[in-house]
Amino acid sequence: MEISGLSAIVTGGASGLGEATARCLAKAGAKVTIFDMNGEQGPKIATDIKGHFEQVDVASAENVEAALDSAAARHGDARILVNCAGIAIGEKTVGRDNIPHDLDRFKKVVEVNLVGTFNVIRLTTARMAALAPLETAERGVVINTASVAAIEGQVGQVAYSASKGGIVGITLPIARDLAGLGIRVCTIAPGLFLTPMMKGLPEDVQQSLGASVPFPNRLGNPDEYASLARHICENAMLNGEVIRLDGAIRMAPR
Ligand SMILES: NC(=O)c1ccc[n+]([C@@H]2O[C@H](COP(=O)([O-])OP(=O)(O)OC[C@H]3O[C@@H](n4cnc5c(N)ncnc54)[C@H](O)[C@@H]3O)[C@@H](O)[C@H]2O)c1
């Protein structure tokens, strides 16, 4: 799919992997709308890339519907959706003093990462379905963000791994559901990337995390994620697949 001139939505576009993707797609000529909770950074980035910002909780049906209306009024309905919004917590199934994992915190992570991703997919692709097919017979493309923690969740990552494993699990059935409409669906499972989340860690911790990546022996750059997202948009044969982007890392138990 030729990106230039198409309308795109990037959730979580106010930071990290989503920000890099919003910038990359805008550079490729897309009209980008950022959906993010962060009402401070989001509008600044949107102005920078001559795009648009909507303050959205991806898990809210009402929020997303209203934001899609508003984005469509400016840019037309989206043919590209990149889901990067996400949160992470660290908590064990049974913690210190035998305290069980807090159930609301578990639900919250699944709600934002998995339910939120599906919510934006279902509402956005329902509108994509009404668009005319492009010359390539494609109507659009959806890119989700899982994590290597979907497969090798570490100690304390049970909630995060559940949410990301869910994203891996929905990739193929959604691709199959939408195949007749000419809408492709892929998921990127990143390893360790240098985003604001990581930059908050002490320098020595960042270095040791980077050193644990076989090759290249460093943390990933968000532009490398964005460049894969762009390639997925452009390569019509990529569909129904989960792609690890991780420098061959396989996470240890802790
Ligand atoms: N950075 C990494 O190493 C890494 C590795 C694997 C997977 N991931 C995944 O990649 C995605 C992006 O991560 P990042 O490192 O760029 O994180 P980040 O914290 O820099 O960015 C996440 C963005 O999502 C937004 N967000 C959070 N909850 C939201 C909600 N309910 N509605 C709308 N927006 C919301 C935040 O405001 C933020 O702007 C996440 O899904 C994360 O789980 C990151």
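Before reading further, recall that the structure is shown in the block above.
These figures come from a predicted structure and were not determined experimentally.

Participant: Lay out the overall build of the chain in plain terms, naming residues and giving numbers.
Facilitator: Along the chain, the regular secondary structure elements total 8 helices and 7 strands. Since a compact globule built from 254 residues should have a radius of gyration of about 18 Å, the 18 Å found for the chain is in line with a globular shape. Taking the principal axes of its C-alpha atoms as reference, the chain extends roughly 55 × 35 × 35 Å. For the chain, with 254 residues in total, the buried portion stands at 50%. Excluding contacts between residues fewer than 6 apart, the proportion of contacts in the chain whose partners are at least 24 apart in sequence is 69%. Counting every atom, the chain has about 11,900 Å² of accessible surface; 54% of that belongs to carbon and sulfur. For the chain, the separation between the mean place of its 24 positive charges and that of its 27 negative charges on side chains is 2 Å.

Participant: Requested: an account of the pairing of strand 5 (residues 140-145), with residues and values cited.
Facilitator: With 6 of 6 residues buried, strand 5 is to be regarded as a mostly interior element. Neither face of strand 5 is exposed, since Gly140, Val142 and Asn144 on one face and Val141, Ile143 and Thr145 on the opposite face are all buried. By the bridge criterion, 3 bridges tie strand 4 (residues 80-83) to strand 5 in an arrangement that is parallel. Note on strand 5: the bridge partner recorded for Ile80 is Val141. In this fold, the crossover linking strand 4 to strand 5 by way of helix 4 (residues 103-128) has right-handed handedness.

Participant: So, the site of the ligand: which residues are in play, and what are the values?
Facilitator: Residues in close proximity to the ligand total 29 residues, the closest being Ser15, Asp36, Tyr160, Phe193 and Thr195. For the ligand, an oxygen atom lies 2.5 Å from a polar atom in the side chain of Ser15. A distance of 3.5 Å is found between an oxygen atom of the ligand and a backbone nitrogen or oxygen belonging to Gly191. Relative to its free-state accessible area of 820 Å², the ligand is covered by the protein chains to the extent of 90%. When residues of the shell around the ligand are traced back to their parent elements, those giving at least two are helix 1 (16-27), helix 5 (158-179) and helix 6 (196-199). Considering every element that reaches the shell around the ligand, the biggest residue donor is helix 6, with 3 residues. Per-class residue counts for the shell around the ligand are 17 nonpolar, 9 polar and 3 charged.

Participant: Outline the environment of Ser15, supporting the account with residue identities and numerical values.
Facilitator: Along the chain, the position of Ser15 falls in the loop between strand 1 (7-11) and helix 1. Taking the relative accessible area as the measure of exposure, Ser15 reaches 32% and is therefore partly exposed. Once the C-alpha coordinates of Ser15 and Thr47 are considered, the two residues, 32 residues apart in sequence, prove to be 14 Å apart.

Participant: Mind laying out the packing of helix 3 (residues 61-75) against helix 4, listing which residues take part and the relevant values?
Facilitator: Where helix 3 meets helix 4, the closest approach of the two axes is 10 Å, and the angle between their N-to-C directions is 35°. Judged by the twist between their axes, the crossing of helix 3 over helix 4 is right-handed. Note on element contacts: helix 4 touches helix 3 through Asn119, Val120, Arg122, Leu123, Thr124 and Arg127, opposite Ala61, Val64, Glu65, Leu68, Asp69 and Ala72. When grouped by side-chain class, the residues that make up the contact of helix 3 with helix 4 number 6 nonpolar, 2 polar and 4 charged.

Participant: I'd love a proper account of the packing of helix 4 against helix 5, names of residues and values included.
Facilitator: Between helix 4 and helix 5, the least distance of the axes is 8 Å, while the angle of their chain directions is 20°. Judged by the angle between their axes, helix 4 and helix 5 are roughly parallel. Every pair of crossing elements has a handedness; the one defined by helix 4 and helix 5 is right-handed. Contacts from Phe106, Val109, Val110, Asn113, Leu114, Thr117, Phe118, Ile121 and Thr125 in helix 4 reach Val158, Ala159, Tyr160, Ala162, Ser163, Lys164, Gly166, Ile167, Ile170, Ile174 and Leu178 in helix 5. Taken together, the residues of the contact of helix 4 with helix 5 break down into 14 nonpolar, 5 polar and 1 charged.

Participant: Can you explain helix 1? Please cite residues and give values.
Facilitator: Turn by turn, an α-helix covers 3.6 residues, leaving residues three or four places apart pointing in a common direction. Relative to the 16 Å expected for 12 residues at 1.5 Å per residue, helix 1 spans 17 Å between its end C-alpha atoms, a close match to the ideal helical length. Taken across its 12 residues, helix 1 has 9 buried, putting it largely inside the fold. Listed as buried for helix 1 are Gly16, Leu17, Gly18, Ala20, Thr21, Ala22, Cys24, Leu25 and Ala26. Looking one or two residues past helix 1, Gly29 carries a phi angle of roughly 100°, positive in sign.

Participant: Account for the sheet that holds strand 6 (residues 183-190), naming residues and giving values.
Facilitator: Ordered by their spatial adjacency, 7 strands build an open sheet running 3-2-1-4-5-6-7, and the pairing between neighbours is parallel. Because the sheet does not close on itself, it has two edges, and the strands there are strand 3 (52-55) and strand 7 (242-245). Pairs of neighbouring strands in the sheet enclose a mean axial angle of 20°, with direction left out of account. Its contacts with the sheet put helix 1 on strand 1, strand 2 (31-36), strand 4, strand 5 and strand 6, and the angle it makes with strand 1 is roughly 170°.

About the cut-offs
Residues numbered from 1 in each chain as written. Predicted model: local features only at pLDDT ≥ 70, side-chain atom pairs only at ≥ 80, totals over all residues. Heavy atoms only, no water. Helix = DSSP H or I, 4+ residues; strand = E, 2+ residues; numbered from the N terminus. Rg over C-alpha atoms; globule rule 2.2 N^0.38 Å. Buried < 20%, exposed > 50% of the residue type's maximum accessible area, 1.4 Å probe, protein only. Contact = heavy atoms within 4.5 Å. Areas by Shrake-Rupley, 256 points an atom, 1.4 Å probe, with all protein chains shown as cover. Lys, Arg positive; Asp, Glu negative; His and termini not counted. Charge placed at Lys NZ, Arg CZ, Asp CG, Glu CD. Pairing = 2+ DSSP bridges. Right-handed = clockwise from strand over helix to strand, strands pointing away. Near = heavy atom within 4 Å. Polar contact = N/O pair within 3.5 Å; in protein donor to acceptor, adjacent residues only side chain to side chain. Nonpolar A, V, L, I, M, F, W, Y, C, P; charged D, E, K, R; others polar. Axes fitted to C-alpha atoms, helices over the stretch in contact; angles between N-to-C directions. Left-handed = near helix turned anticlockwise from the far one by under 90°. Parallel < 35°, antiparallel > 145°, perpendicular 65-115°, else oblique. Expected span 1.5 Å × (residues − 1).

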